[in-house]
Amino acid sequence: MAKEECNSQWHKARDPFAVRNRKVFPSPEQTHKSLITPESKNKQGDNTFPSNGSSADFPARRRVDSSNTLLLIVVTGLSFATRLYKITEPPHVCWDETHFGKMGSYYINRTFFFDVHPPLGKMLIALAGYMTGYDGTFPFVKPGDRYEHHNYWGMRGFCAVLGSFLPVFAYLIVQELSQTHTAAIITATLLIFDTGCITISQYILLDPILMFFIMAAVLSMVKFNQQSYRPFTAPWWLWLILCGGALACALGVKFVGLFVILLVGLNTVRDLWRILGDLSLSLIDIAKHFLARVAGLILLPLFLYVTIFAVHFVLLNKSGPGDGFFSSAFQSRLIGNNLYNVSMPEYLAYGSTITVKNLRIAGGYLHSHWHLYPEGVGAKQQQVTAYLHKDHNNMWLVRKPDNDTQSGSPDLVRHGDIIRLEHKETTRNLHSHLHQAPLTKKHFQVTGYGLNGTGDTNDLWQVEVCGGRKGDLVKVLRSKVRFLHRATGCVLYSSGKSLPKWGWEQVEVTCSPYLKETPSSQWNIEDHINPRLPNISLSLLKPNFLEILLESHIVMIRGNSGLKPKDNEMNSKPWHWPINYQGLRFSGVNETEYRVYLLGNPVVWWINLASLALYFIMVALASVVIQRGISPQQKRIEHSDVLRGGGGLLLLGWLLHYVPFYVMGRVLYYHHYFPAMLFSSMLTGVTLDILLRNADLLLRQPYSDWLHRGGQMVLLFTVLYSFHLFHPLSYGMTGPLAHEPGSAMAGLKWMDSWEF
């Protein structure tokens, strides 16, 4: 009878309907307990301190606190030691240091450039280099170039320091979620001695910076959840603000930061749903909670993110290699650009000499030259292409269809007008017909035809101002214009494809029968010369901050979507990553070179993979026990709560940082998995700790304790020994390759796909 009553009471405690029908409502302190950790805040491991305030508690508390502090110091020391060891080796450019080191130099020199990622990571790299004496003069041309006398160690060291915090953050996160040191130690061990995490932290890359802010956001979120029993106190606000700031910074480094924003967002929605069901709170209190989270997790991150770009635009105020990716109006604000502080007529007119720029990324300027299309490529007429550089062959004259000359003030070109474009250098008209385009076979060929203004009806184009109405004027720099071919109904188009050598590898220009508005079919007037029109300063036409912010994001998104795998380029698959199928060469190929290979410690990664399967099995068993109404011990209930609460959060983090790559069309690389790997390692720590702590289900005391401690020691020894075997991958190796006798990695090429 007593057993049945115990089962009944425990089952009611887990039943949401029983909770709903209680007549005694919880206090705010009870209601605001953490979502993630159901245990009391005064627990450490399996020890519960009494709350009567007796002096006997204090020595035990001090011992636990000092033990926790000592463990944290050891974790921090080992993490920094493994990341900073041999930080200056090799003394040459490795892998993507070519890009991000060069971009750091651009910031120091204030030279504008384009990258598909937001700017914060590169700005921090530049700041680290500047503060440690790097002058921004190293060219970062290609991997293997020696740094010589340049101070590169500051930039590498900065990335390594941020990477060193990852095991520390993981330790603190898992400790909060599980309330045990052992789960936190397992997690920290896996990350400290993972060769992949070490390698990716030791070079001038965005990845350690991104992962630092991702983990900082997750730690702040978990700490904020733990403060939920005392809302609106100073610690509560502190962790909320730190979480919002870390989210802004993660997104400011890479758009992958959106995944951790989604994780925090889902956690916040669940938190607010719980608060809404707390009947002890008034609607005013609920509104305060909602507004506080809006301020801390939406408005603050948005403000910081926009501020990052404001600083970016202020710093990069000189013309550079990134100009051509942006619109003419954007370029007019860059010192040294040919459009900076120049004057020209504001509105397009007949008789003007112009250049016409396509609005797609690397769309180029409308261009022609004396060379003809070769035999068998459409009509053998003059080539028309798009050229990525300034050139006198980019100049075109705007003519009326009847070729009438004008006296006095010229007529302005308006939306809906029919014009001819005459190439200034060769005097041939921009022309199209029903011949097939050279590369884009469903499009029509565009050529130069006629001579000295004479031609035929296939030379006529209708001007369309995007978003305009009949009679609207065409404004230089600002108006987006399309040219519709009158005879065939197609639209002038830059395909982005490079022509063969007969076309000087310039960009193909076609006439597209598909009339949907896209950047490829949109153009703007850049240079505009007409002596009979008054000039205005282009400074009056400069875009405002919000316009350049929007344009920069459009260009970044297009750039990301345009990162397609090239022929013969190694393109990793997402299913490769959890199994550690293939790494990345950071440095060196042959036995005479200093070789570094990005590959996760196989033992760590395969333990993580096995633990994912084990986690689902353990959750399923715990769910069956609960559903059957079996009365487990109190510690089993706590273990189940941690497994489904904290473990569920970490599983969600892993899924959000991994699954989206399956639907991405861009080129993918092995290093994209590392944020997900952090969550996988934390989940492994929680899962294995609970598994070992339930050894008493198999063996009685003291044998269960021996199994518990023995399992921990075997795991620790296995990870340490595997690190001993594979550490040359991170810290560099020379001499024979892995498949040759005498190699430091002899016998360790466990998969044929590994290339060390």
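Note that the structure is predicted; figures quoted are calculated from it, not measured. (Residues numbered from 1 in each chain as written. Predicted model: local features only at pLDDT ≥ 70, side-chain atom pairs only at ≥ 80, totals over all residues. Heavy atoms only, no water.)

### Notes on the overall build of the protein chain
So, step 1. Counting its regular elements, the protein chain contains 20 helices and 18 strands.
So, step 2. Excluding contacts between residues fewer than 6 apart, the proportion of contacts in the protein chain whose partners are at least 24 apart in sequence is 75%.
So, step 3. Total accessible area computed for the protein chain in this model is approximately 33500 Å², and 62% of it derives from carbon and sulfur atoms. (Helix = DSSP H or I, 4+ residues; strand = E, 2+ residues; numbered from the N terminus. Contact = heavy atoms within 4.5 Å. Areas by Shrake-Rupley, 256 points an atom, 1.4 Å probe, with all protein chains shown as cover.)

### Side note on unusual backbone geometry
So, step 1. Residue Glu-89 is joined to Pro-90 through a cis peptide bond whose omega torsion reads -10 degrees.
So, step 2. As for its placement among the helices and strands, Pro-90 is situated in the loop between α4 (57-84) and α5 (97-109).
So, step 3. Located in the positive-phi region is Glu-148, a residue other than glycine, with phi close to 55 degrees.
So, step 4. Topologically, Glu-148 is positioned in the loop between α6 (120-131) and α7 (153-178).

### Some words on the confidence of the model for the protein chain
So, step 1. With 89% of its residues at a pLDDT of at least 70, the protein chain reaches an overall mean of 86.
So, step 2. Averaged over each element, pLDDT in the protein chain is lowest for helix α2 (residues 16-20) (35) and highest for helix α11 (residues 234-253) (97).
So, step 3. Across residues 1-56, confidence stays below pLDDT 50; counting only partners more than four residues off in sequence or on other chains, it has 84 contacts. (pLDDT = per-residue confidence, 0-100.)

### So, the state of the cysteines
So, step 1. Following the criterion strictly, the structure yields 1 disulfide and no others.
So, step 2. Residue pairing for Cys-490: its cysteine sulfur links by disulfide to Cys-511, the two sulfurs lying 1.9 Å apart. Across the S-S bond of Cys-490 and Cys-511 the torsion is about 95 degrees, and the bridge reads as right-handed. You can see Cys-490 sitting in the loop between β12 (481-485) and β13 (491-498) and its partner Cys-511 sitting in strand β14 (residues 507-512), a full 21 residues away along the chain.
So, step 3. Of the residues examined, Cys-511 reaches a relative accessible area of 0% and is grouped as buried. (Disulfide = S-S within 2.5 Å. Buried < 20%, exposed > 50% of the residue type's maximum accessible area, 1.4 Å probe, protein only.)

### Some remarks on the environment of Leu-678
So, step 1. By the secondary structure assignment, Leu-678 is in helix α18 (residues 674-693).
So, step 2. C-alpha separation for the pair Leu-678 and Leu-650, spaced 28 residues apart in sequence, amounts to 9.3 Å.
So, step 3. Setting aside anything within four residues of it in sequence, one finds Leu-678 in contact with Leu-191, Met-211 and Met-215.

### Details of α11
So, step 1. Across its 20 residues, α11 extends 29 Å between first and last C-alpha, which sits within 8% of the 28 Å expected from 1.5 Å per residue.
So, step 2. Along α11, 14 of the 20 residues are buried, which leaves the element largely enclosed by surrounding structure. (Expected span 1.5 Å × (residues − 1).)

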